[in-house]
Amino acid sequence: MGIKVAKFGGSSVAGAEQFKKVKAIIESDPSRRVVVSSAAGKRFSDDHKLTDLLYLCHAHLTYGVSCEDILHTIEQRFREIRDTLGLQYDLDADLSRLRSRLSKDMSVDELVSRGEYFTSRLLAEYLGFTFVDAADCVFFGLDGQIDKEKTYAAISRALSEHESILIPGFYGKLPTGRIKVMSRGGSDITGALAAAAVGADVYENWTDVSGILMADPRIVDNPSPIPNITYAELRELAFMGATVLHEESIQPVKEKGIPLNIRNTNRPQDAGTMILENIQETDRHERFITGIAGRKNFTILTLVKRNMNQSATLRNALEILDRYHAPVEHITLGLDSFSLVAASAALGDALYDVIADLKKTCRPDDVQIQDGIAMVASVGRKMPSQPGVSGRLFAALGAAGVNIRTIAQGADELSITVGVSNEQFETAIRVLYHGFTG
Ligand code: ASP
C-alpha cells in the first residue's frame, strides 16, 4: 500500500472539534501514515492564530512589557484541547519549562515554533501517532536553506522505525543546534518535504476551502473549485494575483512528480483540487479555462516610432526600465510601436525619469502613458488546442461593454491576458467567469 502525507493547516487544528474531524479523516484511510500539523489557528473570524499571539508575546518581551495575559490565553487554548479530548500529555510541565526560559535564552524563532510543537504533541497522542520533533528531522544548512538530503534521510528513517508519524510544521534546526522557523505558512513546506522524503503517492494539504477556486470569491459569487490543474497553470494564476500555495512549498513534491491534493477538513467528501505536472485529459467536457486571476494598478507605456529598428529600440527601452528596477510584466509589439506593461507601484516616482530616458535614448515620435490599468488573465492548458477561445473571450468582454486596452498572450499559449481600466476589473472577471463556466 502506498503512503499519503496529510498536512493540516491552522484552521484544521484550531480546537478540539477540529481535532475530531482530523481523526476521522486519518482513520478513514490507513495509508495516511504521515501527518504534518500547523499551530492551532482561528476558531472563528475574530479569534487569534497561536503563531500571531506568540509573535506578539515576543514583541512584549523585547520592550519589557508583561506578556502574561497573552501567554495565559495561549496556554488556555492548549489546555482546553487536552481536557476536552482527555489527553495524558504532560502539557503543564512543558509549559512551565517554556516559562522559565522565556526571557533568558529563548530566541523569537524558538518561541514562535512552540505553537506547532504543542499543537502537534496533542494531536499525535490523539491520533495515536508517534511524535517526531521537527528539530530532529527538518534541517537547515549554514546558508539558511533546507538541507534536503539530510531532511529526507531523517524523515524516511523515522517512518521506517514507526508505523505512523506526526511532525510539527514550520520549523527545523540549524547546524548550530538552534531552532529556525520558515516563512509564514511554512508548514506547507514541511508537508511537501515529508511527502518527497517518503515518496508519497499524494501530498494532501488539508485546509478550510474545497480546493483552489476558479476566481476570487470576493468578486465572483460561489466560484467553482478547480478539479485539476498543472503546476504551470498554477504559476500563471499565482503570478496574476491568485492566492495559492507558495512556490517554495510546491518545489519538493513537484521535483518528485508527487501529486498535490488540496482538501477541506470541514468537507472531506469534496475531492478538492489536484495539482499535477501533466494531466491526462480524460474528461472531454472539462472546461477549457482553468482559472481567472488579475491585479489592478498597472501602467502601459507605449512608444511610437515610424520605421524603427524594433529589436534595438525594444532592447533600449527594456534596459531603461530595468535600470529603474521596474519589471516589465507584458509586452505587445507592433510594426511602428510597442507597449510595455509594468506595475505602477514599481515605476513609482521614477516614471518621469523613465520617460525622459526613453525620449533621449529611443528618440520616439511619441510616448503615451496609460495608468489605472488592471490586467486579467484567463489561464487554461486546453486553450492552445481549442480554436475560438480568444474570439469567445473578446466577444464576451465586448458585449458587456468592457474596453480592452491591451492584449498579451503567453508564448506557451497557456494564458490570455487583457488590460482593462481599474474600474472595469471586477466586471471583466465576472464576465469571463460566467462566459466560460456556463
Ligand atoms: N503557524 C505558522 C503560520 O501561521 C505556519 C503555518 O501555519 O503554516 O504562519
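Please read these numbers as outputs of a predicted model, since none were measured by experiment.

Novice: When you look at the sheet that holds strand β16 (residues 415-421) in this model, what are you seeing that I'm missing?
Specialist: In any sheet, the strands associate via hydrogen bonds between backbone groups, in a parallel or an antiparallel arrangement. Sheet architecture is open: 6 strands sit in the order β12-β13-β11-β14-β16-β15, paired in antiparallel fashion. The open sheet has two edge strands with one neighbour each: β12 (328-333) and β15 (406-409). Between one strand axis and the next, the sheet turns through 30° on average, direction left out of account. In this structure, strand β14 (residues 366-379) lies alongside β16, joined through 7 bridges in antiparallel fashion. When the bridges of β16 are listed, A374 appears paired with V420. Its contacts with the sheet place helix α14 (residues 425-437) against β11 (291-304), β14 and β16, and it is angled at close to 125° to β11.

Novice: Please clarify how the nonpolar core should be interpreted in this entry.
Specialist: Proteins that are soluble and globular tend to have nonpolar side chains buried together. Grouped together as the largest cluster of nonpolar side chains are 121 residues, with contacts concentrated most on F8, I167, L260 and I275. With 9 residues, helix α5 (residues 108-127) is the single largest residue contributor to this core. Excluding its chain neighbours within four sequence positions, the residues that come into contact with L260 are Y203, N205, Y231, L245, I250, V253, T273, M274 and I275.

Novice: What exactly am I supposed to notice about a nonpolar patch on the surface here?
Specialist: There is a patch of nonpolar side chains on the surface, built from L318, I331 and L333 and spanning about 240 Å² of accessible area. Inspection of the secondary structure puts L333 in strand β12.

Novice: Help me understand the pairing of β12, please; the structure alone is not making it clear to me.
Specialist: Relative to strand β13 (residues 337-343), β12 runs antiparallel, the two sharing 5 bridges. Of the residues in β13, the one forming a bridge with V328 is A342. Joining the antiparallel neighbours β12 and β13 is a turn of 3 residues.

Novice: Sorry if this is basic, but what is going on with unusual backbone geometry here?
Specialist: Excluding glycine, most residues fall at negative phi; most peptide bonds, likewise, are trans. Of note in the backbone geometry, N297 takes a positive phi value of approximately 65° without being a glycine. Mapped onto the elements, N297 comes out in strand β11. Phi is positive for H325, close to 55°, though the residue is something other than glycine. Relative to the assigned elements, H325 resides in the loop between α10 (310-323) and β12.

Novice: So what exactly am I meant to see when it comes to the site of the ligand here?
Specialist: In the vicinity of the ligand, the residues found are S38, T51, E116, F170, R184, G185, G186 and S187. One of the side-chain N or O atoms of T51 is found 2.7 Å from a nitrogen atom in the ligand. G185 places a polar main-chain atom, nitrogen or oxygen, 2.8 Å from an oxygen atom of the ligand. In the complex, 91% of the free accessible area of the ligand, which totals 260 Å², lies under the protein chains. Counted by class, the shell around the ligand contains 1 nonpolar, 5 polar and 2 charged residues.

Novice: What should I look at first to understand the environment of L245 in this one?
Specialist: Within the fold, L245 resides in the loop between α8 (231-239) and α9 (247-255). Residue L245 is classed as buried on the basis of its relative accessible area, which comes to 16%. As a C-alpha pair, L245 and D188 span 57 residues in sequence and 7.8 Å in three-dimensional space. Setting aside chain neighbours within four positions, we find L245 in contact with D188, N205, I250, L260, I262 and I275.

Novice: What is the right way to read the packing of aromatic side chains from this model?
Specialist: Remark: the centre distance and the inter-plane angle together describe each pair of aromatic rings, the angle taken between the planes. Scanning all chains against the criterion turns up 5 aromatic pairs. Where F8 meets W206, the ring centres are 5.9 Å apart and the plane angle is 20°; that geometry is what we call stacked. Note that F8 is positioned in strand β1 (residues 4-8) and W206 in strand β7 (residues 202-207), a separation of 198 residues in sequence. Take F8 and W206: they sit in the same class, and that class is buried. Ring geometry for F19 versus Y126: centroids 6.2 Å apart, planes at 40°, classification tilted.

Novice: In this structure, what is going on with the pattern of salt bridges? I would like to understand it.
Specialist: Pairing of side chains with opposite charge becomes possible as their charged atoms draw close. A complete count under the given rule lists 25 salt bridges for this structure. Between R79 and D92 there is a salt bridge, with the nearest N and O atoms lying 2.9 Å from each other. Placement of the pair is R79 in helix α3 (residues 68-85) and D92 in helix α4 (residues 91-101), with a sequence separation of 13 residues. With a relative accessible area of 32%, D92 lands in the partly exposed category. Here D270 makes a salt bridge to R267, at a shortest N to O gap of 2.7 Å. Here the residues in one salt-bridge network are E68, E75, R79, R82, D83, D92 and R99, joined through shared partners.

Novice: In this structure, what is going on with the pairing of β7? I would like to understand it.
Specialist: For a regular strand, the rule is simple: side chains alternate between the two faces of the sheet. Among the 6 residues that make up β7, 6 are buried, leaving the element largely enclosed by the rest of the structure. In β7, alternate side chains face the same way, and those of V202, E204 and W206 on one face and Y203, N205 and T207 on the other are all buried. With 5 bridges connecting them, β1 and β7 associate as parallel partners. Among the inter-strand pairings, A6 is bridged to a residue of β7, identified as E204. Where β7 meets strand β9 (residues 260-264), 5 bridges bridge the pair, whose relative direction is parallel. Bridge pairing in β9 links Y203 to L260.

So, how was this worked out
- Residues numbered from 1 in each chain as written.
- Predicted model: local features only at pLDDT ≥ 70, side-chain atom pairs only at ≥ 80, totals over all residues.
- Heavy atoms only, no water.
- Pairing = 2+ DSSP bridges.
- Helix = DSSP H or I, 4+ residues; strand = E, 2+ residues; numbered from the N terminus.
- Axes fitted to C-alpha atoms, helices over the stretch in contact; angles between N-to-C directions.
- Contact = heavy atoms within 4.5 Å.
- Core = buried A, V, L, I, M, F, W, Y, C linked by side-chain atoms within 4.5 Å.
- Buried < 20%, exposed > 50% of the residue type's maximum accessible area, 1.4 Å probe, protein only.
- Patch = residues over 30% accessible without salt bridge, like charges linked within 9 Å, V, L, I, M, F, W, Y side chains within 5 Å.
- Areas by Shrake-Rupley, 256 points an atom, 1.4 Å probe, with all protein chains shown as cover.
- Salt bridge = Lys/Arg side-chain N within 4 Å of Asp/Glu carboxyl O.
- Near = heavy atom within 4 Å.
- Polar contact = N/O pair within 3.5 Å; in protein donor to acceptor, adjacent residues only side chain to side chain.
- Nonpolar A, V, L, I, M, F, W, Y, C, P; charged D, E, K, R; others polar.
- Phe/Tyr/Trp six-rings, centres within 6.5 Å; stacked < 30°, edge-to-face > 60°.

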